[in-house]
Amino acid sequence: MGGNTVNPHVAVITSGYLPVPNVLGGAVEALDMMMVQENEKTPNFDFTVFSSWAPGVDQITREGNFKYTNFCFIKTPLLVRAVDHCIYWTAKHVLHKKKLMSYRYIAQRLWYINKVSKKLAQPTKNGSPAFDKVMIENHATLFMTMQKHGNSERYAGKVYYHLHNEVLNDFGCIKEISKVKKVLGVSKYIVDTLDTYLKEHGEPGLREDQKAVWRNGVDTSRFGSEEANSKAIEFRQKFNIAEDDIVFLFSGRLTPEKGAEELLEAFTEVAQEVPNTKLVIAGAFFFNSNIVSPFEQKLRNLASNPTVKNRIIFTGFVNYEDMSAIYAMSDICVLPSIWDDPAPLAVIESLVSGKPLITTRSGGIPEYADEQSAIILERGDQLVDQLADAMTKIARGSDERDTMGAHKTALRSEFNKETYMAQLAIRLR
């Protein structure tokens, strides 16, 4: 791997359940893969990516011929998977837990953490630490790798925390989190939430030199491309969408906080006002897991309303390679988060695809979307009515759609993969 000894050797500790390469989906995993691929073109680092294993990853890494990345896959034994199955079943059917995915991969992640921590502790031939820097991806539990085998001391001042979501539980790792070299948050909003969390739990908070924003990006050679536009025709045919239909698109996980229920309620009103509209729901409860949650079933029940029946299309899980075409086949994207979403990739994908966006003033979203390219609604009791009004207005106004979509040129240079990696080259040096 590598061959350029001046590049720092960086360990990237991914989630422990969704793999990198992102064969099972996942926004964070897509970002990791984009990072790795872009580093092959302009090598600033020698990466070792620790990841869970899944069918398909070996072929991608083999065919990719990566020179500056070594993938270290951790396979999960059948016994560990069986334990997780029992835990999940108990949480769902006995304990009736609401946040079921918190119970899906407990044993697997503990197994993964144990294996990764041992790898981190293995010294080089000259006795020095195996890595110059360690980047932990999002999950606070992964800091347990620092608690084992003296890794906290071994990598003191060398750990970076790539933060995508709000930390609500530190799992006994608050000391390790507070001592990171730098927090690389996907938005200023999310960095500030960690600072607040640390202060509320007895730590002094983050120093200014520990705070940094590493803004998300996407592959603009795919999103908004001619290839995507061409493939979009096939998808419209697949889903029986007529040429003159106006398509609203929701993309993301089907969980309550993403606002899909509010969107379906609003579309019921829009469908009566604008007869040639359709709504595409692109996503699943938990990536490519085949799990249908009670919430997803609730959405399907709403879609059976005679007013909108056959006008709401559930695609299920969509392979990330096809998402650019899904955006291309749509006319308007609607992402009405009702929680403080740190920086959803779906927002960026919509914008760089040149699609008008209707979204909410939530979390880090306003750090990415602006009034030129998006209608930004306030959250509250009137959200469904506001959504319906905004959707109806923009569905009827083709000129307004064109004006908002034209802003994509500036946004494509701001959120492309080159800019994404350039940020990391500065922040990780």
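The structure contained in this document is the topic of the report that follows. Bear in mind the structure is a predicted one, so any value in this text is a computation, not a measurement. (Residues numbered from 1 in each chain as written. Predicted model: local features only at pLDDT ≥ 70, side-chain atom pairs only at ≥ 80, totals over all residues. Heavy atoms only, no water.)

### Section: unusual backbone geometry
Applied cut-off: Comment: elements are numbered from the N terminus, with helices defined as DSSP H or I runs of at least four residues and strands as E runs of at least two.
With an omega of 10°, the peptide bond running from Val20 to Pro21 counts as cis. Within the secondary structure layout, Pro21 lies in the loop between strand E1 (9-13) and helix H1 (27-41). Even without glycine at this site, Asn138 takes up a positive phi of about 70°. In this structure, Asn138 sits in the loop between strand E4 (133-137) and helix H5 (144-147). Non-glycine residue His149 carries a positive phi angle of around 60°. Inspection of the secondary structure assignment puts His149 in the loop between H5 and helix H6 (151-154).

### Details of the nonpolar core
Generally speaking, soluble globular proteins have nonpolar side chains that are buried together. Spelled out, the test is: For the purposes of this section, nonpolar cores are sets of buried Ala, Val, Leu, Ile, Met, Phe, Trp, Tyr and Cys residues that join through side-chain atoms within 4.5 Å. Only protein chains enter the area calculation, which uses a 1.4 Å probe; residues under 20% of their type maximum are buried, those over 50% are exposed, and those in between are partly exposed. Between two residues, a contact is recorded if the distance between any of their heavy atoms is within 4.5 Å.
Met35, Leu120, Tyr161, Phe248, Met391 and Leu424 are the most contacted members of the largest nonpolar core, which totals 131 residues. Excluding its chain neighbours within four sequence positions, the residues that come into contact with Met35 are Val12, Phe47, Met135, Trp214, Tyr420, Met421 and Leu424. Tyr17, Tyr88, Leu100 and Tyr105 belong to the second largest nonpolar core, which has seven residues in total.

### A few points about the sheet that holds strand E13 (residues 374-377)
Applied cut-off: One requirement defines pairing of two strands: DSSP has to find at least two bridges between them. For helices, the axis comes from a line fit to the C-alpha atoms of the stretch in contact; other axes are also lines fit to C-alpha atoms, and the angle between any two N-to-C directions lies between 0 and 180 degrees.
Taken together, six strands build an open sheet; the order of strands is E10-E9-E8-E11-E12-E13 and the sheet is parallel. Here the strands that pair on one side only, and so sit at the sheet edges, are strand E10 (312-316) and E13. Between one strand axis and the next, the sheet turns through 20° on average, direction left out of account.

### Concerning the pairing of strand E5 (residues 159-163)
Successive side chains on a regular strand alternate, one facing one side of the sheet and the next facing the other. Among the five residues that make up E5, five are buried, leaving the element largely enclosed by the rest of the structure. Here E5 shows a buried face lined by Val159, Tyr161 and Leu163 and a second buried face lined by Tyr160 and His162. Pairing of E4 with E5 involves four bridges; the strand directions are parallel. What sits directly across from Met135, in E5, is Tyr160. For E5 and strand E6 (residues 182-185), the ladder comprises four bridges, and the chain directions are parallel. Along E6, the bridge assignment pairs Leu163 with Gly185.

### Re the sheet that holds E1
Whenever strands of a sheet pair, they do so through backbone hydrogen bonds, lying parallel or antiparallel. If you trace the seven strands from one edge of the open sheet to the other, you get E3-E2-E1-E4-E5-E6-E7, paired in parallel fashion. The open sheet has two edge strands with one neighbour each: strand E3 (69-74) and strand E7 (211-213). Adjacent strand axes in the sheet meet at a mean angle of 20°, parallel and antiparallel pairs treated alike. Bridge count between E6 and E7: three bridges; the pairing is parallel. Note on E7: the bridge partner recorded for Leu184 is Ala212. Sitting on the sheet, H1 touches E1, strand E2 (46-52), E3 and E4, and the angle it makes with E3 is about 150°.

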